[in-house]
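One-letter residues, chain by chain:
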Amino acid sequence: MSGVSIVGELMRAAATLTARVPVENIRAGRLPDGVTLPAILLRTVSSTERQALTRGDTVPTTDRVSATVRAASYREQRDIMKLMLAACAGKIGTIAGFDSVAVLSAGAGPDVAGPADSYEQTQDFRVSFDAPF
C-alpha cells in the first residue's frame, strides 16, 4: 500500500487535479457503486524489494501503481489523465512519510467502457522508496 499512499498524497496535493476530481473521489482499493464522476482509483499492481544479504532498517522497494480515471466523457477522461501525470511523474523526495521516493510514469492502458456508461483509462506509475523493515 506504500506506493498507493505516495501516489495518493501527490494527487491530493495537486490543486489542478483536485479542482477537477474532488479529494474524496481519489480512493484506494475500489470505487463504490454509484460513485460521483469523475473519480480516480489507485491500486498496487506489483511490489518488489531489493534483496540484500543483510537487512538494514529500510528495504529499497519498487511498487507499480495503477491509477484508473473514471469520467463522464472522453474529453474529461483525457484531461484528467494529463493532470495525473503532471501531479506524479518525476516527483522525488520524502513523500507520505517515505524517504528516497522517486515516481516515474510507467505507461497508460487502453480506453475502456466503464460501468454505468462511463469512460475509463489507466495510468501506471513506478514508485521507488525506502520501506521501513
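Going by the structure above, here's the rest.
Peer 1: What am I meant to see in the environment of Gly-114 here?
Peer 2: Mapping Gly-114 onto the fold places it in strand E6 (residues 112-114). Judged by relative accessible area, Gly-114 falls into the buried class, the value being 14%. Between the C-alpha atom of Gly-114 and that of Ala-72, which follows or precedes it by 42 residues, the distance is 9.5 Å. Apart from the residues within four sequence positions on either side, Gly-114 is in contact with Tyr-119 and Glu-120.

Peer 1: Help me out: how do you make sense of the pattern of salt bridges in this one?
Peer 2: It is possible for side chains bearing opposite charge to pair when their charged atoms get close. Using the criterion set out here, one finds three salt bridges in the structure. For Arg-64, the salt bridge identified is with Asp-124, shortest N-O distance 2.9 Å. With Arg-64 in strand E3 (residues 58-71) and Asp-124 in strand E7 (residues 118-132), this pair connects stretches of sequence that are 60 residues apart. Residue Arg-64 is classed as partly exposed on the basis of its relative accessible area of 32%.

Peer 1: Would you take a moment to explain the nonpolar core for this structure?
Peer 2: Soluble globular proteins tend to bury their nonpolar side chains together. Ile-6, Met-11, Leu-17, Ile-40 and Met-84 are the most contacted members of the largest nonpolar core, which totals 28 residues. Taken together, the elements giving at least two residues each to this core come down to helix H1 (2-13), strand E2 (39-49), E3, helix H3 (74-88), strand E5 (98-108) and E7. Counting residues per element, this core draws most heavily on H3, which supplies six residues. Those residues within four positions of Leu-17 in sequence are excluded, and the remaining contacts are Met-11, Ile-40, Ile-80, Leu-83, Met-84 and Ala-87.

Peer 1: Would you mind going over unusual backbone geometry with me for this structure?
Peer 2: Note: most peptide bonds trans; most residues except glycine with negative phi. The omega angle of the peptide bond from Leu-37 to Pro-38 is 0 degrees, so this bond is cis rather than trans. As for its placement among the helices and strands, Pro-38 is situated in the loop between strand E1 (26-28) and E2. Phi is positive for Asp-117, close to 60 degrees, though the residue is something other than glycine. As for its placement among the helices and strands, Asp-117 is situated in the loop between E6 and E7.

The rules behind the values
- Residues numbered from 1 in each chain as written.
- Predicted model: local features only at pLDDT ≥ 70, side-chain atom pairs only at ≥ 80, totals over all residues.
- Heavy atoms only, no water.
- Helix = DSSP H or I, 4+ residues; strand = E, 2+ residues; numbered from the N terminus.
- Buried < 20%, exposed > 50% of the residue type's maximum accessible area, 1.4 Å probe, protein only.
- Contact = heavy atoms within 4.5 Å.
- Salt bridge = Lys/Arg side-chain N within 4 Å of Asp/Glu carboxyl O.
- Core = buried A, V, L, I, M, F, W, Y, C linked by side-chain atoms within 4.5 Å.

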